[in-house]
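Next come the chains, spelled out residue by residue.
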Amino acid sequence: MESPLHAIARYEQERGLPPNSINRVVAAAGETGAWARLERGELTVATFCAPFEADCRAHGVVVDGAEVMAAIAEAGVARPTMLEAIRRIRARGLRVGALTNNWKREGPDDDVIPHRLRSHFDVFVESSELGLRKPDPRIYEHACRCLAIEPRQAVFLDDIGSNLKAARALGMTTIKVTAPEQALAELEAVLGFALQLDSPRG
């Protein structure tokens, strides 16, 4: 799916907010902030908005929490190129896991995106269910246990530097995702076989 960072950046631009202002608030609020609590499953989307808006106001940023979450939800569309790559990896007998920082909705019917994607993966680890979030090393270790591998056997893809840093510290090979094609090309180089229809690896 598209990175939430891109959806947040568009929201900031549309509302005339300084670039990265929301991400700076999230970082400054830390593990006790609303965003971290949301991703650990301590808040739902509905109970998240008011404390998140308060975090933002405390740092001089005015947002509508519901609008931010709606913008992220609109970007939550699966990318066919990534799903095809996952299919090819699994066809080679390799296991694929999803390790996602996500959040709880008000009911099971609201959580259609992760449940729709779950069948594409051998393991699906959700921060809101586990009560841990990236970059906590324990959530990476949990994912590796679920996949029955050691961290040094894993290739980890993410678009956030701190998440990648934590994975590297455990011995994982990491790839920073800036675009699907770039990430898949780098993953092809690691795995040694084609993941894209137009790949030079065939």
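Residues numbered from 1 in each chain as written. Predicted model: local features only at pLDDT ≥ 70, side-chain atom pairs only at ≥ 80, totals over all residues. Heavy atoms only, no water.

> How do you make sense of the packing of aromatic side chains when you look at a structure like this?
Two aromatic rings are characterised by how far apart their centres lie and by the angle between their planes. A full pass over the atoms with the stated rule returns six aromatic pairs. Ring centres of Phe-48 and Phe-52 lie 4.7 Å apart, and the angle between their planes is 20°; on these two criteria the pair is classed as stacked. Taken together, the positions of Phe-48 and Phe-52, both in helix H4 (residues 45-58) and four residues apart, correspond to about one turn of that helix. In terms of burial, Phe-48 and Phe-52 fall into one category: buried. Here the aromatic rings of Phe-121 and Phe-124 are separated by 5.8 Å at their centres, their planes lie at 75°, and the arrangement is edge-to-face. (Phe/Tyr/Trp six-rings, centres within 6.5 Å; stacked < 30°, edge-to-face > 60°. Helix = DSSP H or I, 4+ residues; strand = E, 2+ residues; numbered from the N terminus. Buried < 20%, exposed > 50% of the residue type's maximum accessible area, 1.4 Å probe, protein only.)

> Hey, could you run me through the pairing of strand S4 (residues 173-176) in this one?
For a regular strand, side chains alternate in direction, first toward one face of the sheet and then toward the other. Here four bridges tie strand S3 (residues 155-158) to S4, and the two strands are oriented parallel to one another. Paired with Phe-156 across the strands is Thr-174, a residue of S4. With respect to chirality, the unit in which S3 leads through helix H10 (residues 161-169) into the neighbouring parallel S4 is right-handed. (Pairing = 2+ DSSP bridges. Right-handed = clockwise from strand over helix to strand, strands pointing away.)

> Quick question: what am I supposed to make of the pattern of salt bridges here?
Between side chains of opposite charge, a pair can form when the charged atoms approach closely. Under the counting rule described, the total for this entry stands at 12 salt bridges. For the salt bridge of Lys-134 with Asp-158, the shortest nitrogen-to-oxygen distance reads 2.8 Å. Taken as a pair, Lys-134 in the loop between helix H8 (127-130) and helix H9 (137-147) and Asp-158 in strand S3 lie far apart in primary sequence, 24 residues in all. For Lys-134, a relative accessible area of 8% gives the class buried. A residue is classified by how much of its surface remains accessible, and Asp-158, at 6% relative accessible area, is buried. When salt bridges that share partners are traced, they join Glu-31, Glu-39, Arg-40, Glu-42 and Arg-133 into one network. (Salt bridge = Lys/Arg side-chain N within 4 Å of Asp/Glu carboxyl O.)

> Explanation requested: helix H11 (residues 180-191) in the structure shown.
Each α-helix winds once per 3.6 residues, and so residues spaced three or four apart point in a common direction. The terminal C-alpha atoms of H11 lie 16 Å apart, and with 12 residues this matches the ideal 16 Å at 1.5 Å per residue to within 8%. For H11, the complete set of buried residues consists of Pro-180, Ala-183, Leu-184, Leu-187 and Glu-188. Along the long axis of H11, the arc covered by the buried residues comes to 140°, so they all point the same way. Note on H11: the residue one or two positions beyond its end, Gly-192, has a positive phi of about 90°. (Expected span 1.5 Å × (residues − 1). Arc of directions from axis to C-beta.)

> What exactly am I supposed to notice about the packing of helix H1 (residues 4-15) against helix H5 (residues 65-74) here?
Two measures define how a pair of helices packs: the angle their axes make with one another and the distance between the axes. The contact between H1 and H5 brings their axes to 8 Å, and the two run at 130°. Taken together, H1 and H5 sit at an angle that is classed as oblique. Crossing hand, H1 versus H5: right-handed. Here Pro-4, Ala-7, Ile-8, Tyr-11 and Arg-15 of H1 lie close against H5, whose contacting residues are Glu-67, Val-68, Ala-71 and Ile-72. Class assignment of the residues belonging to the contact of H1 with H5 gives a composition of seven nonpolar, no polar and two charged. (Axes fitted to C-alpha atoms, helices over the stretch in contact; angles between N-to-C directions. Parallel < 35°, antiparallel > 145°, perpendicular 65-115°, else oblique. Left-handed = near helix turned anticlockwise from the far one by under 90°. Contact = heavy atoms within 4.5 Å. Nonpolar A, V, L, I, M, F, W, Y, C, P; charged D, E, K, R; others polar.)

> Any chance you could explain the nonpolar core here in plain terms?
Considering soluble globular proteins, one finds that nonpolar side chains tend to be buried as a cluster. Ile-22, Trp-35, Phe-48, Phe-52, Val-63 and Ile-72 are the most contacted members of the largest nonpolar core, which totals 22 residues. The element that contributes the greatest number of residues to this core is H4, accounting for four residues. Apart from the residues within four sequence positions on either side, Phe-52 is in contact with Ile-22, Val-26, Ala-34, Trp-35, Val-63, Gly-65 and Val-68. Counting residues in each nonpolar core, the second largest holds 16 residues, with Ile-89, Leu-184, Leu-187 and Phe-193 among its members. (Core = buried A, V, L, I, M, F, W, Y, C linked by side-chain atoms within 4.5 Å.)

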